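So the chains spell out like this:
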Amino acid sequence: MQADWSWLVPVIVLTGLLVGCAFFAYVGELYRFSPSWGPYRKFDSQGNEDLGLNQFLIHRHIEKQKEEEAAKARSEEANYGTLGPPTWGTIEAPWQHREKMWDPKLQKEVFVRRGFADTQYLRAHSSWWARDEPTYIQQAGLRAPPVHINDNAAD
């Protein structure tokens with residue numbers, strides 16, 4: 001029993017014509033004449049004047065924010081949150097300063113206080129600066145009496 005290949009020749013010719021027509025439509029850009037192609041061509045344009053104006057306004061706004069941020073960083077003094085300057089005074093070593101560094105662990109710029117150990121020393125030996133009382137009580141070798149349940153001294 002042998003296969004009859006006579007039907008295969010018209011199929012190959014028809015397939016070749018179909019592929020050839022698709023290639024011609026692609027190379028000749030005939031697909032652009034299709035009514036459904038029109039709206040997609042709008043993405044290739046530069047936009048209109050309103051779009052350019054909006055982009056310019058956004059760019060100007062971002063640049064203004066960067067300038068304000070830089071000015072704030074230059075004029076920023078050490079303060080504690082939203083209180084502003086501390087009302088209880090300050091004790092800081094006069095040679096203490098902030099320095100910008102790149103932290104590879106955090107992957108961002110951080111500020112390091114050079115001379116802060118001297119500031120801590122001054123605060124520890126001050127007579128009026130607030131202290132961590134439990135730490136100083138422990139360093140002095142003192143301890144509070146043990147607390148008993150139902151102790152009347154607390155009343």
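I will try to describe carefully the structure that is included in this document.

1. Points about the overall build of the chain
Tallying secondary structure elements over the chain gives four helices and two strands in all. What you see in the chain, going N to C, is helices and strands ordered as α-α-β-β-α-α. Within the chain, the proportion of its 155 residues that are buried is 6%. Once local pairs closer than 6 in sequence are excluded, the contacts in the chain between residues at least 24 apart make up 30%. Surface accessibility of the chain: about 14700 Å² in total, with carbon and sulfur atoms responsible for 60%.

2. Description of the pairing of strand β1 (residues 97-103)
With seven bridges connecting them, β1 and strand β2 (residues 108-114) associate as antiparallel partners. Opposite Asp 103, over in β2, you have Lys 108 as the bridge partner.

3. What to know about the side chain of Gln 96
For Gln 96, the location among the structural elements is in the loop between α2 (49-75) and β1. Judged by relative accessible area, Gln 96 falls into the buried class, the value being 16%. A polar contact is formed between the side chain of Gln 96 and the side chain of Thr 119, at a distance of 2.3 Å. Among residues more than four places away in sequence, those in contact with Gln 96 are Arg 113, Arg 114, Gly 115, Phe 116 and Thr 119.

4. Here we look at the packing of aromatic side chains
Applying the stated criterion across every chain, the model contains one aromatic pair. Ring centres of Trp 128 and Trp 129 lie 5.8 Å apart, and the angle between their planes is 75°; this geometry places the pair in the edge-to-face category. Directly above the ring of Phe 111 sits Arg 98, whose terminal nitrogen or CZ lies 4.0 Å from the centroid.

5. What about helix α1 (residues 8-27)?
Its 20 residues give α1 an end-to-end C-alpha distance of 28 Å, which sits within 8% of 28 Å, the value for a rise of 1.5 Å per residue. Looking one or two residues beyond α1, the residue adopting positive phi is Glu 29, at roughly 50°.

Cut-offs used in this document
- Residues numbered from 1 in each chain as written.
- Predicted model: local features only at pLDDT ≥ 70, side-chain atom pairs only at ≥ 80, totals over all residues.
- Heavy atoms only, no water.
- Helix = DSSP H or I, 4+ residues; strand = E, 2+ residues; numbered from the N terminus.
- Buried < 20%, exposed > 50% of the residue type's maximum accessible area, 1.4 Å probe, protein only.
- Contact = heavy atoms within 4.5 Å.
- Areas by Shrake-Rupley, 256 points an atom, 1.4 Å probe, with all protein chains shown as cover.
- Pairing = 2+ DSSP bridges.
- Polar contact = N/O pair within 3.5 Å; in protein donor to acceptor, adjacent residues only side chain to side chain.
- Phe/Tyr/Trp six-rings, centres within 6.5 Å; stacked < 30°, edge-to-face > 60°.
- Lys NZ or Arg CZ within 6 Å of the ring centre and 35° of its normal.
- Expected span 1.5 Å × (residues − 1).

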